[in-house]
Amino acid sequence: MVTPTALLVVAKAPVPGLVKTRLCPPATHAEAARIAAASLLDTVDAVRRTPGVRPVVALAGDLAEATCSAELRNALRGWTVLGQRGDRFPARLAAAHADTAAAHPGFSIVQIGMDTPQVTPELLAAASEALDSADAALGPAEDGGWWVAGFRSAADAQLLRGVPTSRSDTGVRTLATLRAAGLRVAALPRLTDVDTMEAAVRVAGLVPNSRFVASLPAPSTYRNVADG
């Protein structure tokens, strides 16, 4: 029998000055928040269009103060909405998995962030299906991290507590940690996550009709980034 899947988005409310600050400059804090909001909305849309999954978001920050607050609230209607908890990001990731498991007992969990607006329902479905035959699934990111991590058992997600994030070897360390625990890990495609304007420009070329593209500042403000 196929295990039902909770599709968990770990996200931060797109409040100006608190999200995507590595885009500044060339973006202003207000522009960076618009980019973050668009990225999150495109991600939410991809999750919503993924068949057979239970959508969950673990949110940090105050959505009432966020850019596109009303649109985000409407997009998340019907989702399981959880607050993030924990002092450091690895702890918050592990807690988000634990809280999702508590809300949806017996579900496998596929977790993504809000930094890959190019993600598709097909990619998310493949991540879910990988857990039918593997204990975990991991999709690397171009910057050395990972963009998706899935676990058949939520208890195994607690291994994420011991892996430092935001490093060029985070993905390698995560894979090694999972394998050292005896987990069978399915490999998922590599994606670029949007942490810099250079990455944003590359991702924009993949999703020409998205909210994400529409959110980017005028090309003249970041063309030198793309050309460099």
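Conventions adopted
Residues numbered from 1 in each chain as written. Predicted model: local features only at pLDDT ≥ 70, side-chain atom pairs only at ≥ 80, totals over all residues. Heavy atoms only, no water. Helix = DSSP H or I, 4+ residues; strand = E, 2+ residues; numbered from the N terminus. Rg over C-alpha atoms; globule rule 2.2 N^0.38 Å. Buried < 20%, exposed > 50% of the residue type's maximum accessible area, 1.4 Å probe, protein only. Pairing = 2+ DSSP bridges. Axes fitted to C-alpha atoms, helices over the stretch in contact; angles between N-to-C directions. Contact = heavy atoms within 4.5 Å. Salt bridge = Lys/Arg side-chain N within 4 Å of Asp/Glu carboxyl O. Expected span 1.5 Å × (residues − 1). Right-handed = clockwise from strand over helix to strand, strands pointing away. Core = buried A, V, L, I, M, F, W, Y, C linked by side-chain atoms within 4.5 Å.

Comments concerning the overall build of the protein chain
Part 1 of the argument: Scanning the protein chain from terminus to terminus reveals eight helices and seven strands.
Part 2 of the argument: Computed over its C-alpha atoms, the radius of gyration of the protein chain comes to 17 Å, within 12% of the 17 Å expected for a compact globule of 228 residues.
Part 3 of the argument: When the backbone C-alpha atoms are referred to their principal axes, the protein chain occupies close to 50 × 35 × 35 Å.
Part 4 of the argument: Burial statistics for the protein chain: of 228 residues in total, 54% are counted as buried.

Thoughts on the sheet that holds strand 5 (residues 136–140)
Part 1 of the argument: Pairing is mixed across the open sheet formed by seven strands, whose spatial order is 3-2-1-4-6-5-7. The open sheet has two edge strands, strand 3 (80–83) and strand 7 (185–187), and neither has a second partner. Neighbour-to-neighbour, the strand axes of this sheet turn through a mean angle of 20 degrees, independent of strand direction.
Part 2 of the argument: Both strand 4 (residues 108–112) and strand 6 (residues 146–151) contribute to a ladder of four bridges, which runs antiparallel. Directly across from V110, in strand 6, lies its bridge partner G150.
Part 3 of the argument: Here helix 1 (residues 29–48) sits on the sheet and contacts strand 1 (5–12), strand 2 (53–60) and strand 4; the angle it forms with strand 1, its principal contact strand, is near 175 degrees.

Let's talk about the side chain of Q118
Part 1 of the argument: When you line up the elements, Q118 lands in the loop between strand 4 and helix 4 (121–130).
Part 2 of the argument: Leaving out residues up to four positions away in the same chain, Q118 has contacts with L191, T192, V203, L206 and V207.

Notes on the side chain of T100
Part 1 of the argument: Mapped onto the elements of the fold, T100 is located in helix 3 (residues 89–103).
Part 2 of the argument: Its relative accessible area of 1% is what places T100 among the buried residues.
Part 3 of the argument: If we ignore the near neighbours within four places in the chain, the residues touching T100 are A6, L8, V56, L82 and I109.

Points about the pattern of salt bridges
Part 1 of the argument: Counted according to the given criterion, the structure contains ten salt bridges.
Part 2 of the argument: Among the salt bridges present, the one from R49 reaches D45, with a minimum N-O distance of 3.0 Å.
Part 3 of the argument: Each of the salt bridges in this network shares a partner with another, and the network as a whole consists of K20, D115 and D195.

A word on helix 3
In an α-helix, one turn spans 3.6 residues; hence positions three or four apart end up facing the same way.
Part 1 of the argument: An ideal rise of 1.5 Å per residue puts 21 Å on 15 residues; helix 3 measures up with 21 Å between its terminal C-alpha atoms.
Part 2 of the argument: Of all the positions in helix 3, only P90, A91, L93, A94, A95, A96, H97, D99 and T100 are classed as buried.

Quick look at the pairing of strand 1
Sheet faces and side chains relate simply in a regular strand, where the side chains alternate between the two faces.
Part 1 of the argument: Extensive coverage of strand 1 is indicated by the burial of seven of its eight residues.
Part 2 of the argument: Sheet analysis places strand 1 next to strand 2, joined by eight bridges and oriented parallel. When the sheet's bridge partners are listed, A11 is paired in strand 2 with L59.
Part 3 of the argument: The β-α-β motif built from strand 1, the intervening helix 1 and the parallel element strand 2 has right-handed crossover chirality.
Part 4 of the argument: Here strand 1 runs beside strand 4; their pairing, made up of five bridges, is parallel. What sits directly across from L8, in strand 4, is Q111.

Quick notes on helix 1
Part 1 of the argument: Between its first and last C-alpha, helix 1 extends 28 Å over 20 residues, near the 28 Å set by a 1.5 Å rise per residue.
Part 2 of the argument: In terms of residue burial, helix 1 counts as a mostly covered element, since 15 of its 20 residues are buried.

Quick word on the nonpolar core
The nonpolar side chains of a soluble globular protein tend to be buried, and buried together.
Part 1 of the argument: Grouped together as the largest cluster of nonpolar side chains are 38 residues, with contacts concentrated most on V9, I112, L124 and W147.
Part 2 of the argument: Looking at this core, the elements that each hand over two or more residues are strand 1, helix 1, strand 2, helix 2 (69–75), strand 4, helix 4 and strand 6.
Part 3 of the argument: Among the nonpolar cores identified, the runner-up in size contains 21 residues, and A6, F107, A157 and V185 belong to it.

Looking at the pairing of strand 5
Part 1 of the argument: Counted residue by residue, strand 5 has four buried out of five residues, so it is predominantly covered.
Part 2 of the argument: Pairing analysis gives five bridges linking strand 5 to strand 6, with the strands arranged antiparallel. From the neighbouring strand, A136 faces strand 6, where its bridge partner is F151.
Part 3 of the argument: Linking two consecutive strands that pair antiparallel, namely strand 5 and strand 6, is a turn of five residues; a positive phi of about 100 degrees is found at G144 within it.
Part 4 of the argument: Sheet topology note: the strand 5/strand 7 ladder contains three bridges and is parallel. Its bridge partner being in strand 7, L138 is matched across the sheet by A187.

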